[in-house]
Amino acid sequence: MASLAPTFSPLPLLAKHQLLPMKVPKVVTFPLPVSIFSQRKARMVVVSATTAADKPKKRYPGEAKGFVEEMRFVAMNLHTKDQAKEGKKETVGQPFAKWEPSIEGYLKFLVDSKLVYDTLEKIVDMSPEYVEFRNTGLERSEGLVKDLEWFSQQGHIIPEPSSASISYAQYLEELSENDPPAFICHFYNTYFAHSAGGRMIGKKVSEKLLSGKELEFYKWEGDLSQLLQEVRNKLNRVAEGWTREEKDHCLEETEKSFLFSGQILRLILS
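Residues numbered from 1 in each chain as written. Predicted model: local features only at pLDDT ≥ 70, side-chain atom pairs only at ≥ 80, totals over all residues. Heavy atoms only, no water.

Draft legend 1. Broad picture of the overall build of the chain. A tally of regular secondary structure across the chain gives ten helices and zero strands. When its helices and strands are written in sequence order, the chain yields α-α-α-α-α-α-α-α-α-α. Each of the 270 residues in the chain was classed as buried or not, and the buried ones make up 37%. The long-range share in the chain, meaning contacts at least 24 apart out of those at least 6 apart in sequence, stands at 76%. On the chain, roughly 17,600 Å² of surface is accessible, and the fraction owed to carbon and sulfur atoms is 58%. (Helix = DSSP H or I, 4+ residues; strand = E, 2+ residues; numbered from the N terminus. Buried < 20%, exposed > 50% of the residue type's maximum accessible area, 1.4 Å probe, protein only. Contact = heavy atoms within 4.5 Å. Areas by Shrake-Rupley, 256 points an atom, 1.4 Å probe, with all protein chains shown as cover.)

Take a look at the structure:
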């Protein structure tokens, strides 16, 4: 081995062994020892962060058009195929086209509907939480009062609300205080369903039982499509302040809304 003494001269050695000039190495710093586990964990963090950044945000059906469209999509999935073109469920029992309503059953339906709308409109009028939904033009209570008065004048006995509507009204009051997103789900489905399928039912009953008379329940002041659009805009604005979890919770309440309204609707056939 060559000596490291200061008198060492590289020239003869170069001549003898024909070595190429040595390059001066760059200074290299070495980190402190890191365990294999730590290195692997660090790589996992980097990969996870990159994956999360690259992963596209989950899109919900209808989300691009606003939250109301999400609610509409979920509601359509719960309709039967004879109720709506977009309905997904198979019809169970007698299809709507073959319904045979009775005056007594229809009066029960109108009375129960009035209790539900009375409850919704009272909640909206009294709670600051829902001030945006006052005087939308979709309110139905006043029209139902007039309709029931007309039936009474025709000699029909007006029944008391059934347990179905009483239970539903109590449930709506509880939701309005403790669970606004769930309450909004019922608000939306009640008013919007009546403006669509509800009108179709009203027309059929009118043709079969009332000689074509149109009840006040199915009349709106002004352009209905415009009234509905204004309420859609308000619902979308309210939902913009919700978390995704609150929106999902609202959507999940749709099935309960259908169960309650379905119980009342079936009174027509009683």
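Still more to cover.
Draft legend 2. Local environment of helix 8 (residues 224-239). Between its terminal C-alpha atoms helix 8 stretches 22 Å, which fits the 22 Å expected from 16 residues at 1.5 Å a residue. All of the buried residues along helix 8 are Leu224, Leu227, Leu228, Val231, Leu235, Asn236 and Ala239. Of the surrounding elements, those touching the buried residues of helix 8 are helix 3 (67-78), helix 7 (180-209) and helix 9 (244-252). (Expected span 1.5 Å × (residues − 1).)

Draft legend 3. Quick peek at the packing of aromatic side chains. Applying the stated criterion to the full structure yields 14 aromatic pairs. Residues Phe187 and Tyr191 carry aromatic rings whose centres are separated by 4.8 Å and whose planes lie at 50° to one another, so their mutual orientation is tilted. Pair noted here: Phe187 and Tyr191 are both in helix 7, with a separation of four residues, about one helical turn. Like Phe187, the residue Tyr191 is buried in the burial classification. Within the aromatic cluster, the residues linked to one another by ring pairs are Tyr106, Phe109, Tyr117, Phe133, Trp150, Phe151, Phe187, Tyr191, Phe217 and Tyr218. Lys213 extends its terminal NZ or CZ atom over the ring of Trp150, reaching a point 4.7 Å from the ring centre. (Phe/Tyr/Trp six-rings, centres within 6.5 Å; stacked < 30°, edge-to-face > 60°. Lys NZ or Arg CZ within 6 Å of the ring centre and 35° of its normal.)

Draft legend 4. Local environment of the side chain of Ser113. Structurally, Ser113 can be placed in helix 4 (residues 103-126). Look at Ser113 and you get buried, because its relative accessible area is 6%. Beyond its immediate sequence surroundings of up to four residues, Ser113 is in contact with Leu144, Phe217 and Ile264.

Draft legend 5. Structural view of the packing of helix 6 (residues 163-178) against helix 7. Direction vectors running N to C along helix 6 and helix 7 enclose 135°, while the axes themselves pass 6 Å from each other. Taken together, the axes of helix 6 and helix 7 are oblique relative to one another. Regarding helix 6 and helix 7, the two cross each other, and that crossing is left-handed. From helix 6, Tyr168, Tyr171, Leu172, Leu175, Ser176 and Asn178 reach across to helix 7, where they touch Pro180, Ala182, Phe183, His186 and Thr190. (Axes fitted to C-alpha atoms, helices over the stretch in contact; angles between N-to-C directions. Parallel < 35°, antiparallel > 145°, perpendicular 65-115°, else oblique. Left-handed = near helix turned anticlockwise from the far one by under 90°.)

Draft legend 6. Representation of the environment of Arg232 in the model. Along the chain, Arg232 falls in helix 8. Overall, Arg232 belongs to the partly exposed group, its relative accessible area being 27%. Sequence separation between Arg232 and Glu69 is 163 residues, and the spatial gap between their C-alpha atoms is 8.8 Å. Discounting chain neighbours no more than four positions away, the residues touching Arg232 are Val68, Phe192 and Ser225. At 3.2 Å, the side chain of Arg232 forms a polar contact with the side chain of Gln229. (Polar contact = N/O pair within 3.5 Å; in protein donor to acceptor, adjacent residues only side chain to side chain.)

Draft legend 7. Quick peek at the pattern of salt bridges. Counted under the stated rule, the structure contains nine salt bridges. Two residues, Arg244 and Glu70, come together in a salt bridge whose shortest N-O distance is 2.8 Å. One end of the pair, Arg244, is in helix 9; the other, Glu70, is in helix 3, with 174 residues separating them in the sequence. Each member of the pair, Arg244 as well as Glu70, carries the same accessibility label: buried. Residue Glu216 pairs with Lys219 through a salt bridge whose shortest N-O separation is 3.1 Å. For Glu216, a relative accessible area of 30% puts it in the partly exposed group. Its relative accessible area of 34% is what places Lys219 among the partly exposed residues. Residues joined in a network through salt bridges with shared partners are Glu63, Glu70, Arg244 and Asp248. (Salt bridge = Lys/Arg side-chain N within 4 Å of Asp/Glu carboxyl O.)

Draft legend 8. Looking closely at the environment of Met200. With respect to the helices and strands, the residue Met200 is situated in helix 7. Once the C-alpha coordinates of Met200 and Tyr218 are considered, the two residues, 18 residues apart in sequence, prove to be 9.5 Å apart.

Draft legend 9. Layout of the packing of helix 3 against helix 7. Interhelical geometry of helix 3 versus helix 7 gives an angle of 70° and a closest axis separation of 11 Å. In terms of axis orientation, helix 3 runs roughly perpendicular to helix 7. Classified by chirality, the crossing of helix 7 by helix 3 is right-handed. Facing Val68, Met71, Arg72 and Ala75 of helix 3, the residues of helix 7 in contact are Cys185, Tyr188 and Asn189.

So, to be careful, I would describe these as geometric facts and stop short of saying anything about function.
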